[in-house]
Amino acid sequence: MGIIEKMRLDGKKIFVTGGARGIGKSVATAFAEAGADIAIVDVDLKEAEKTARELQENHPVQAIAVQADVTKPRDVKATTTKILDAFGRIDVAFCNAGICLNVPAEEMTFEQWKKVIDVNLTGIFLTAQAAGKVMIQQGGGSIINTASMSGHIVNVPQPQCSYNASKAGVIQLTKSLAVEWADKNVRVNCISPGYMGTELTLNSPSLKPLIEQWNKMAPLHRMGKPEELQSICVYLAGDTSTFTTGADFVVDGAFTCI
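The model shown is predicted, which means the values in this text are computed figures rather than measured ones. (Residues numbered from 1 in each chain as written. Predicted model: local features only at pLDDT ≥ 70, side-chain atom pairs only at ≥ 80, totals over all residues. Heavy atoms only, no water.)

**Structural notes on a nonpolar patch on the surface**
Judged by side-chain polarity, Val156, Met217 and Ile258 come together as a nonpolar surface patch covering roughly 260 Å² of accessible area. Tracing the backbone through its elements, the reader meets Val156 in the loop between β5 (141–146) and α6 (161–180). The exposure class assigned to Val156 is partly exposed, which follows from its relative accessible area of 40%. (Patch = residues over 30% accessible without salt bridge, like charges linked within 9 Å, V, L, I, M, F, W, Y side chains within 5 Å. Areas by Shrake-Rupley, 256 points an atom, 1.4 Å probe, with all protein chains shown as cover. Salt bridge = Lys/Arg side-chain N within 4 Å of Asp/Glu carboxyl O. Helix = DSSP H or I, 4+ residues; strand = E, 2+ residues; numbered from the N terminus. Buried < 20%, exposed > 50% of the residue type's maximum accessible area, 1.4 Å probe, protein only.)

**Focus: the nonpolar core**
Formed by 30 residues in total, the largest nonpolar core has its most connected members in Leu9, Ile14, Phe31, Ile38, Phe94 and Ile144. Looking at this core, the elements with two or more residues in it are β1 (13–17), α2 (22–33), β2 (37–42), α3 (45–58), β4 (92–95) and α9 (230–237). At 6 residues, α2 tops the list of elements feeding residues into this core. Apart from the residues within four sequence positions on either side, Leu9 is in contact with Ile14, Phe31, Ala34, Gly35, Ala36, Val234, Ala237 and Gly238. Core analysis: the next-biggest nonpolar cluster, separate from the first, contains 27 residues, Val66, Ala68, Cys95 and Val188 among them. (Core = buried A, V, L, I, M, F, W, Y, C linked by side-chain atoms within 4.5 Å. Contact = heavy atoms within 4.5 Å.)

**Points about the packing of aromatic side chains**
The full count for this structure, using the stated rule, is 3 aromatic pairs. Taking the centre distance of 3.8 Å and the plane angle of 5° together, the rings of Tyr195 and Trp214 count as stacked. Highlighted residues: Tyr195 in the loop between β6 (186–193) and α7 (199–202) and Trp214 in helix α8 (residues 208–217), separated in sequence by 19 residues. For the pair formed by Tyr195 and Trp214, the shared burial category is buried. (Phe/Tyr/Trp six-rings, centres within 6.5 Å; stacked < 30°, edge-to-face > 60°.)

**Here we look at α9**
Here α9 lies mainly inside the structure; 6 of its 8 residues are buried. Check the buried side of α9 and you find it contacts α2, β4, β5, β6 and β7 (248–251).

**Quick look at α6**
For α6, which comprises 20 residues, the first-to-last C-alpha distance of 28 Å matches the rise-based estimate of 28 Å (1.5 Å per residue) to within 8%. Summarising the contacts, the buried residues of α6 are in contact with α5 (110–138), β5, β6 and β7. (Expected span 1.5 Å × (residues − 1).)

**Concerning the sheet that holds strand β3 (residues 63–67)**
Strands belonging to one sheet form pairs held by backbone hydrogen bonds; the direction of such a pair is parallel or antiparallel. Taking strand neighbours across the sheet as the criterion, the 7 strands line up as β3-β2-β1-β4-β5-β6-β7 in an open arrangement whose pairing is parallel. Of all the strands in the sheet, just β3 and β7 have a single pairing partner and so form its edges. Along the sheet, successive strands turn relative to each other by an average axial angle of 15°, direction set aside. The sheet contact formed by β1 and β2 spans 5 bridges and is parallel. Residue pairing across strands places Phe15 opposite Ala39, the latter belonging to β2. Taken strand by strand, α6 contacts β5, β6 and β7, and its axis lies near 160° from that of β6. (Pairing = 2+ DSSP bridges. Axes fitted to C-alpha atoms, helices over the stretch in contact; angles between N-to-C directions.)

Spelled out as structure tokens, the structure:
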């Protein structure tokens, strides 16, 4: 079997949090193209159902939608049960749901701080923990967490200390889980995207001035595209990455190099 065939995901069962749109939808599409069955997990059930329908219409795979708030342990547990009922197993978890609030640190309320940390860090822990429990019982699996280049640098000019702290936490959480679960054949890695040109980002009037500044600073003078994250995620989900765990893949067009 050649390398291309080995990178196929035929028969694998995958869930994607924050999968209804943006990076999550793009990566879920790549997983489906590679042959995996997909559970789209999102707080927005209507949009999740739309994405799941698109995957089933365009690819010979099974796709389901599950509504969940990843900050609530009860929701995460129920989500795991629904996916197991539908698929029988969980081979890959793409823990991707996240938010960002741009608020000066001296003005940030506790509620604003907690909201970002709860979604971006606690939500990743809860979903990775749930997937990890299933994978340990199965004898293995792959978990991919979405961190950010913001876990490595302080973004300017926008004030986003809670986001930066949460994503740095995701990177260290990923490494910790990778070591804890290494002898259980559960691999845990994360991706750290740079500024990505999702539909919501590009169409936001409040972000347009920031995008212009980011692009002037960026070595490639542009934002990344969600599809430019697909191949690394397919690699991490598949069987050619069996020696890859505890790694953080920075995909930022060299932004963190400056």
